[in-house]
Amino acid sequence: MDMVQSGELTKYPLAVVAKLLDAFGDRLGGGYDISYQFQATLDNSLLGPLACSLHHTLLVGTFHRHA
């Protein structure tokens, strides 16, 4: 089973965001290669309300191509 396709690796970036929010708090921005996909995952996770209340932003690189 491919962990990337099954979504099992999603727990790792969620854990990183949780730690960063705990350490740095409000108005944190983070860059992630698949930010546009991860935003939905973050919003739907248990961490979503906290990230929203702390104004967490996911950033996409300038030259990232959207299909």
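Structural data are supplied above this passage.
Presented here is an overview of the structure given in this document.

Conventions adopted
Residues numbered from 1 in each chain as written. Predicted model: local features only at pLDDT ≥ 70, side-chain atom pairs only at ≥ 80, totals over all residues. Heavy atoms only, no water. Helix = DSSP H or I, 4+ residues; strand = E, 2+ residues; numbered from the N terminus. Buried < 20%, exposed > 50% of the residue type's maximum accessible area, 1.4 Å probe, protein only. Contact = heavy atoms within 4.5 Å. Areas by Shrake-Rupley, 256 points an atom, 1.4 Å probe, with all protein chains shown as cover. Polar contact = N/O pair within 3.5 Å; in protein donor to acceptor, adjacent residues only side chain to side chain. Core = buried A, V, L, I, M, F, W, Y, C linked by side-chain atoms within 4.5 Å.

1. Description of the overall build of the protein
Part 1 of the argument: Summing up its helical and strand segments, the protein has four helices and two strands in all.
Part 2 of the argument: Sequence-ordered secondary structure for the protein, helices as α and strands as β, is α-α-β-α-α-β.
Part 3 of the argument: Counting over 67 residues, the protein shows a buried share of 24%.
Part 4 of the argument: Considering only contacts within the protein whose residues lie at least 6 apart along the sequence, 73% involve residues at least 24 apart.
Part 5 of the argument: Of the roughly 5100 Å² that the protein leaves accessible, carbon and sulfur atoms contribute 59%.

2. What to know about the side chain of S45
Part 1 of the argument: Note on placement: S45 falls in the loop between helix 3 (35–44) and helix 4 (48–53).
Part 2 of the argument: Within the local environment of S45, its side chain forms a polar contact with the backbone nitrogen of L47, the two atoms lying 3.1 Å apart.

3. Digging into the nonpolar core
Part 1 of the argument: In terms of nonpolar packing, the biggest core is built from nine residues, these being L14, V17, L21, L28, F38, L42, L47, A51 and L58.
Part 2 of the argument: Breaking this core down by element, the ones donating at least two residues are helix 2 (11–24) and helix 3.
Part 3 of the argument: Of the residues forming this core, the biggest block, three residues, is contributed by helix 2.

4. A closer look at unusual backbone geometry
Part 1 of the argument: Phi angles above zero are rare outside glycine, and R27 is one such case at about 60°.
Part 2 of the argument: Structurally, R27 can be placed in the loop between helix 2 and strand 1 (29–31).
Part 3 of the argument: The phi dihedral of H55 is positive, around 60°, even though this residue is not glycine.
Part 4 of the argument: Inspection of the secondary structure assignment puts H55 in the loop between helix 4 and strand 2 (57–59).

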